[in-house]
Amino acid sequence: MSEPVILVEGLSKRFGPVIAVDELGFSAPGGTVIGLLGGNGAGKTTSIAMLLGLLIPTSGSIRILGEDMLKHRYRVLARMNFSSPYVDLPRRLTPRQNLRVFATLYGVADPTRRIAELGEELALGEFMDRPCGKLSAGQKTRVALAKALLNRPELLLLDEPTASLDPDTADWVRHYLETFRKETGATILLASHNMAEVERLCSEVLMMRRGRVVDRGKPVDLLRRYGRANLEEVFLDIARERGHGVAAPAEEAKPEAG
Ligand SMILES: Nc1ncnc2c1ncn2[C@@H]1O[C@H](COP(=O)(O)OP(=O)(O)OP(=O)(O)O)[C@@H](O)[C@H]1O
């Protein structure tokens, strides 16, 4: 069997006394969508930053697309990409100019055509030539997504991809991501606070609390195990430490239907 696209083992990050990520381990086979869920400060963004090589782990290993990220990240960076609402694109440049700069950095063939393609697919037309600093939060999110797709990445790391989007646009972006994954076979790691989004897109979910993975599984299995109707309720059970980890309190109280 081929190596998973992401293979993380014993990954930890300390900031002084704070253990932001504590012994994280998971693998993502090609073409899957892995969801990273957790409350504020659970360690999601820190995990993504380590996967991108932006933060050096305190300990642990990360293999991406078969390469050791701590030793050879430049071999794979061109095959991956990310978007995050916490990373602003240069404010004075327009989306078109920003996308051109990143297309050059990623060595995209025929950048004019690729930018026009993404501009159309993500409906950026109206603000393509307005400085990024003047865009609304939702418009910036769409430009960030276009940047993330420029190089047709095999691995896409998305930190809150639908933050600040209105429900209609968010739904449209989810559909777009689903189509992108199906068409390209890309692997996606998604950190989100939106449970419906995670339930819809993810093949596996890692529930994080205070840097640790406290439960994991397919959305449908988590729902069954916690005896809940949706992931939001599972998340609240975990966040409030009701039956976290391997225990399945709701299942004991409420026998499985059918
Ligand atoms: N540079 C830093 N220095 C000190 N502590 C940090 C630093 N970066 C993150 N932390 C701490 O590490 C923990 C994990 O933060 P992180 O941003 O990864 O959480 P998160 O799950 O992405 O949260 P949110 O959902 O609020 O974005 C938090 O307690 C945070 O305060």
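Residues numbered from 1 in each chain as written. Predicted model: local features only at pLDDT ≥ 70, side-chain atom pairs only at ≥ 80, totals over all residues.

**Looking at the overall build of the protein**
Stage number 1. The helix and strand inventory of the protein stands at 10 helices and 10 strands.
Stage number 2. Its C-alpha atoms give the protein a radius of gyration of 19 Å, within 12% of the compact-globule value 18 Å for 258 residues.
Stage number 3. Once local pairs closer than 6 in sequence are excluded, the contacts in the protein between residues at least 24 apart make up 65%. (Helix = DSSP H or I, 4+ residues; strand = E, 2+ residues; numbered from the N terminus. Rg over C-alpha atoms; globule rule 2.2 N^0.38 Å. Contact = placed C-beta atoms within 7 Å.)

**What to know about the site of the ligand**
Stage number 1. In the vicinity of the ligand, the contacting residues are Phe 15, Val 18, Ala 20, Gly 38, Asn 40, Gly 41, Ala 42, Gly 43, Lys 44, Thr 45 and Thr 46.
Stage number 2. Of all the secondary-structure elements, those providing two or more residues to the shell around the ligand are β2 (18-28) and α1 (44-51).
Stage number 3. When residues of the shell around the ligand are assigned to their parent elements, the largest contribution, 3 residues, is made by α1.
Stage number 4. Classifying every residue of the shell around the ligand gives 4 nonpolar, 6 polar and 1 charged. (Near = placed C-beta within 6 Å. Nonpolar A, V, L, I, M, F, W, Y, C, P; charged D, E, K, R; others polar.)

**A word on the domain arrangement of the protein**
How big an interface is tends to be stated in terms of accessible area lost as the parts join.
Stage number 1. Looking at the assigned domains, one finds that the protein contains domain 1 (1-79 + 154-245) and domain 2 (89-152).
Stage number 2. Put simply, the middle of domain 1 and the middle of domain 2, counted by C-alpha atoms, are 25 Å apart.
Stage number 3. Contacts between domain 1 and domain 2 engage 12 residues on the former and 11 residues on the latter.
Stage number 4. If one sorts the elements of the side of domain 1 that touches domain 2 by residue count, helix α6 (residues 167-184) sits on top with 5 residues.
Stage number 5. Counted by class, the side of domain 1 that touches domain 2 contains 8 nonpolar, 3 polar and 1 charged residues. (Domains from an automatic or database assignment.)

**A few points about the nonpolar core**
Stage number 1. Ala 146, Leu 157 and Leu 190 are the most contacted members of the largest nonpolar core, which has 64 residues in total.
Stage number 2. With 6 residues, helix α5 (residues 137-149) is the largest single contributor of residues to this core.
Stage number 3. In contact with Ala 146, other than residues within four places in its own chain, are Leu 99, Leu 118, Leu 122 and Leu 124. (Core = buried A, V, L, I, M, F, W, Y, C linked by C-beta atoms within 7 Å. Buried ≥ 20, exposed ≤ 12 C-beta atoms within 10 Å, placed from the backbone.)

**Overview of the environment of Asp 171**
Stage number 1. By secondary structure assignment, the location of Asp 171 is in helix α6.
Stage number 2. Here the alpha-carbon distance between Asp 171 and Gly 138, two residues 33 residues apart in the chain, equals 13 Å.

**Let's talk about unusual backbone geometry**
Stage number 1. The phi torsion at Leu 65 lies on the positive side, around 50 degrees, for a residue other than glycine.
Stage number 2. Mapped onto the elements, Leu 65 comes out in the loop between β4 (59-64) and β5 (67-68).
Stage number 3. Take Leu 65: there are 19 C-beta atoms within 10 Å of it, and that puts it in the partly exposed class.
Stage number 4. Positive phi, normally seen in glycine, also occurs at Ser 164, with a value near 70 degrees.
Stage number 5. For Ser 164, the location among the structural elements is in the loop between β7 (155-159) and α6.

**A look at α5**
Since one α-helical turn is 3.6 residues long, residues separated by three or four positions face the same way.
Stage number 1. Helix length check: α5, at 13 residues, gives a terminal C-alpha distance of 19 Å against a target of 18 Å (1.5 Å per residue), a fit within 8%.
Stage number 2. Counting buried positions over the 13 residues of α5 gives 11, a clear majority of the element.
Stage number 3. Residues of α5 that are buried: Gln 139, Lys 140, Thr 141, Arg 142, Val 143, Ala 144, Leu 145, Ala 146, Lys 147, Ala 148 and Leu 149.
Stage number 4. Looking at the packing, one finds that the buried side of α5 touches β6 (80-83), α3 (95-105), α4 (111-121), β7 and α6. (Expected span 1.5 Å × (residues − 1).)

**Focus: α4**
Stage number 1. Those residues of α4 that fall on the buried side of the exposure criterion are Arg 114, Ile 115, Leu 118 and Gly 119. Seen along its axis, α4 keeps its buried residues to an arc of 135 degrees; they face one direction. For α4, the exposed residues lying more than 90 degrees away from the buried face are Thr 112, Arg 113 and Glu 120.
Stage number 2. The elements touched by buried residues of α4 are α3 and α5.
Stage number 3. Positive phi shows up at Ala 123, right after α4, with a value of about 50 degrees. (Arc of directions from axis to C-beta.)

**Regarding the packing of helix α8 (residues 219-226) against helix α9 (residues 231-239)**
Between two packed helices, both the angle of their axes relative to each other and the distance between the axes serve to describe the pair.
Stage number 1. Running from N to C, α8 and α9 cross one another at 60 degrees; their axes reach a closest spacing of 9 Å. One way to sum up the angle between α8 and α9 is to call them oblique. Helix-helix and strand crossings are classified by hand; for α8 and α9 the assignment is left-handed. Across from Pro 219, Leu 222, Leu 223 and Tyr 226 in α8, the residues of α9 making contact are Leu 231, Val 234 and Asp 237.
Stage number 2. Grouping the amino acids of the contact of α8 with α9 by side-chain chemistry returns 6 nonpolar, no polar and 1 charged. (Axes fitted to C-alpha atoms, helices over the stretch in contact; angles between N-to-C directions. Parallel < 35°, antiparallel > 145°, perpendicular 65-115°, else oblique. Left-handed = near helix turned anticlockwise from the far one by under 90°.)

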